[in-house]
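Descriptive analysis of the structure
Here are the chains, one letter per residue:
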Amino acid sequence: MKTLLLPVVTALTVLAAPLRAEQDRPVVVELFTSQGCSSCPEADALLAELAPRDDIIALALHVDYWDYIGWEDPFGDPSHAERQRGYAAVAGRRSIYTPEMIVQGQTDIVGAKPMKLMDAVEHHAETAPSVALTLTREGDGVQIDAEALATEIGPTHVHFLRYSPSEHTKVTRGENAGHMMAHANVVHGWTVLGHWDGTSPLTLQADAPGDAPVVVLIQRQEAGGPGAILAAARLR
């Protein structure tokens, strides 16, 4: 049986290097990917290398806009494509594509480029925090507490999501027909819990039944879509 989770030998040393910044402020890496995209498996493999790290929150957002070419991605979600379009609008880009990685809501990387990816991660890890964010489990729920560390943080959205740490799919049609595809940290259940401007401390509760990891993002909201991620936290 073939697999498209390919070893990226040249990237292993780069991806294993610890960040110099504090590891309680993880950097978010979002991968926009699709099982219908023949160029995506290498990027999927890079994300899988990042997934175990505590200093990085690696998220796979499967899009649905390649479904028409012969294979419907079972994890594809139109809201993921909408989020990607929002990033493109804020950055002034006229098109979207896969694979694309967005680091900390700000730096876009086309394809699987481990050196460029880790340079971006390191850069954002060294940026002074503007929001302190903590998550606390409470039975089947999560308490979210945030406090602004900067004078003005602007309008933000509080994002809440879950992910599946590992998924495997046998693809029978489309560009990747005949391959077993492996994915790490497949996102589902993405919601916006509320808005926050940082003028007073934030406390929210969210339902989180089951064992799936929980991720919360405090992300600046720009006129055309999502902007910089100011804080991120995870419960595994």
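Residues numbered from 1 in each chain as written. Predicted model: local features only at pLDDT ≥ 70, side-chain atom pairs only at ≥ 80, totals over all residues. Heavy atoms only, no water.

As recorded in an unreviewed UniProt entry, the chain goes by DUF1223 domain-containing protein and comes from Sulfitobacter delicatus.

**A short note on the overall build of the chain**
Each helix and strand in the chain was counted, giving four helices and eleven strands. A globule of 236 residues ought to have a C-alpha radius of gyration of about 18 Å, and the chain, at 17 Å, matches this closely. Projected onto its principal axes, the C-alpha positions of the chain cover 55 × 40 × 35 Å. Looking at the 236 residues of the chain, the share that counts as buried comes to 53%. With 17 positive and 30 negative side-chain charges, the chain shows a spacing of 6 Å between the two charge centroids. (Helix = DSSP H or I, 4+ residues; strand = E, 2+ residues; numbered from the N terminus. Rg over C-alpha atoms; globule rule 2.2 N^0.38 Å. Buried < 20%, exposed > 50% of the residue type's maximum accessible area, 1.4 Å probe, protein only. Lys, Arg positive; Asp, Glu negative; His and termini not counted. Charge placed at Lys NZ, Arg CZ, Asp CG, Glu CD.)

**Let's talk about the packing of aromatic side chains**
Tallied over the full model, the rule gives two aromatic pairs. Judged by centre distance (6.3 Å) and plane angle (75°), the rings of Phe32 and Tyr87 are edge-to-face. Pair noted here: Phe32 is in strand S1 (residues 27-33) and Tyr87 is in helix H3 (residues 78-91), with a separation of 55 residues, a long-range link. Residue Phe32 is classed as buried on the basis of its relative accessible area of 0%. (Phe/Tyr/Trp six-rings, centres within 6.5 Å; stacked < 30°, edge-to-face > 60°.)

**Things to note about the sheet that holds strand S9 (residues 202-207)**
On the basis of which strands lie adjacent, the open sheet formed by three strands has the order S5-S6-S9 and antiparallel pairing. Of all strands in the sheet, those bounded by a partner on one side alone are strand S5 (131-138) and S9. In this sheet, neighbouring strand axes are inclined to one another by 20° on average, regardless of whether the strands run parallel or antiparallel. Note that S5 and strand S6 (residues 141-148) share eight bridges and pair antiparallel. (Pairing = 2+ DSSP bridges. Axes fitted to C-alpha atoms, helices over the stretch in contact; angles between N-to-C directions.)

**Details of the pattern of salt bridges**
Overall, the coordinates contain five salt bridges when judged by the stated rule. The partner of Arg83 in a salt bridge is Glu30, with the nearest N and O atoms 2.7 Å apart. You can see Arg83 sitting in helix H3 and its partner Glu30 sitting in strand S1, a full 53 residues away along the chain. Put simply, Arg93 and Asp108 hold a salt bridge, and the shortest N to O gap is 3.3 Å. One end of the pair, Arg93, is in the loop between H3 and strand S3 (100-103); the other, Asp108, is in strand S4 (residues 107-110), with 15 residues separating them in the sequence. One network of salt bridges, in which partners are shared, links Arg93, Glu100 and Asp108. (Salt bridge = Lys/Arg side-chain N within 4 Å of Asp/Glu carboxyl O.)

**Quick word on helix H2 (residues 41-50)**
Burial within H2 is extensive, with seven of its ten residues counted as buried. Buried within H2 we find Pro41, Ala43, Asp44, Ala45, Leu46, Leu47 and Leu50.

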